[in-house]
Amino acid sequence: AELKHGRICMLATVGWIATDLGMRVSDNAAFQVSSIDAHLSMVKFGSMSQMLVWLGFAELFGFMAMIRMYQGKTDRAAGDFGLRALYPKDEAGQYQMQLKELRNGRLAMLAYGGIVTAAVLTGKPWP
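Let me begin by describing the structure that accompanies this report. Please read these numbers as outputs of a predicted model, since none were measured by experiment.

So, on to the overall build of the protein. If you tally the helices and strands in the protein, you get 4 helices and 0 strands. Element order for the protein, N to C, with α for helix and β for strand: α-α-α-α. For the protein, the C-alpha radius of gyration of 18 Å lies well beyond 14 Å, the compact-globule estimate for 127 residues. In terms of principal-axis extent, the alpha carbons of the protein reach across some 50 × 30 × 25 Å. Within the protein, the proportion of its 127 residues that are buried is 15%. Accessible surface, the protein: about 9900 Å² in total, of which carbon and sulfur atoms supply 67%. The positive charge centre, built from 13 side chains, and the negative charge centre, built from 10, are 2 Å apart in the protein.

Next comes the structure, spelled out in structure tokens:
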């Protein structure tokens, strides 16, 4: 669970900062809101229910992979989705990469909590 939450917070931190720096998906006026107001705008726009469906669909596949792992039908480790393009070949390098990901995930969890707290308390975007 820590690895999964760390990955989510790494993406969330980069997304929050990118949004506050002015990067947008579309030039549509519905998307021209601050990160603090984004949740309410997405609910009003109707995209939160669609996100819930697609993320639930992804979670379903992850849950099915976990069941296969617990039954011993696969040698997949928790959090391993088979993305090996930039992954080291040797065992020591793999261990170091996993440790880096875990530590960066922990840092991202703290960073995201700090960014959100500061934004809500001050009402200003990052930085």
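Turning our attention to the layout of surface pockets. Put simply, the largest pocket is a space of about 790 Å³. As for the largest pocket, its lining consists of 25 residues, and the residues nearest its centre are T19, A38, H39, M42 and M51. Of the residues belonging to the lining of the largest pocket, the class tally is 16 nonpolar, 8 polar and 1 charged. For the second largest pocket, the calculated volume is near 620 Å³.

Between its terminal C-alpha atoms helix α4 (residues 91-122) stretches 46 Å, which fits the 46 Å expected from 32 residues at 1.5 Å a residue. Here α4 has its buried residues at G93, G105, A108, I115 and A119. Considering only its buried residues, α4 is in contact with α1 (2-20). Where α4 ends, the next residue or the one after it, G123, has phi of about 75°, a positive value.

We now examine a nonpolar patch on the surface. There is a patch of nonpolar side chains on the surface, built from V53, W54, F57, L60, F61 and M64 and spanning about 640 Å² of accessible area. Structurally, L60 can be placed in helix α3 (residues 47-70). Of the residues examined, L60 reaches a relative accessible area of 43% and is grouped as partly exposed.

Procedures and definitions
Residues numbered from 1 in each chain as written. Predicted model: local features only at pLDDT ≥ 70, side-chain atom pairs only at ≥ 80, totals over all residues. Heavy atoms only, no water. Helix = DSSP H or I, 4+ residues; strand = E, 2+ residues; numbered from the N terminus. Rg over C-alpha atoms; globule rule 2.2 N^0.38 Å. Buried < 20%, exposed > 50% of the residue type's maximum accessible area, 1.4 Å probe, protein only. Areas by Shrake-Rupley, 256 points an atom, 1.4 Å probe, with all protein chains shown as cover. Lys, Arg positive; Asp, Glu negative; His and termini not counted. Charge placed at Lys NZ, Arg CZ, Asp CG, Glu CD. 1 Å grid on protein atoms, 1.4 Å probe; cavity = no way out; pocket = protein on both sides within 12 Å on 5 of 7 lines; lining within 4 Å. Points joined across faces, edges and corners; volume = space filled by probe spheres on them. Nonpolar A, V, L, I, M, F, W, Y, C, P; charged D, E, K, R; others polar. Expected span 1.5 Å × (residues − 1). Contact = heavy atoms within 4.5 Å. Patch = residues over 30% accessible without salt bridge, like charges linked within 9 Å, V, L, I, M, F, W, Y side chains within 5 Å. Salt bridge = Lys/Arg side-chain N within 4 Å of Asp/Glu carboxyl O.

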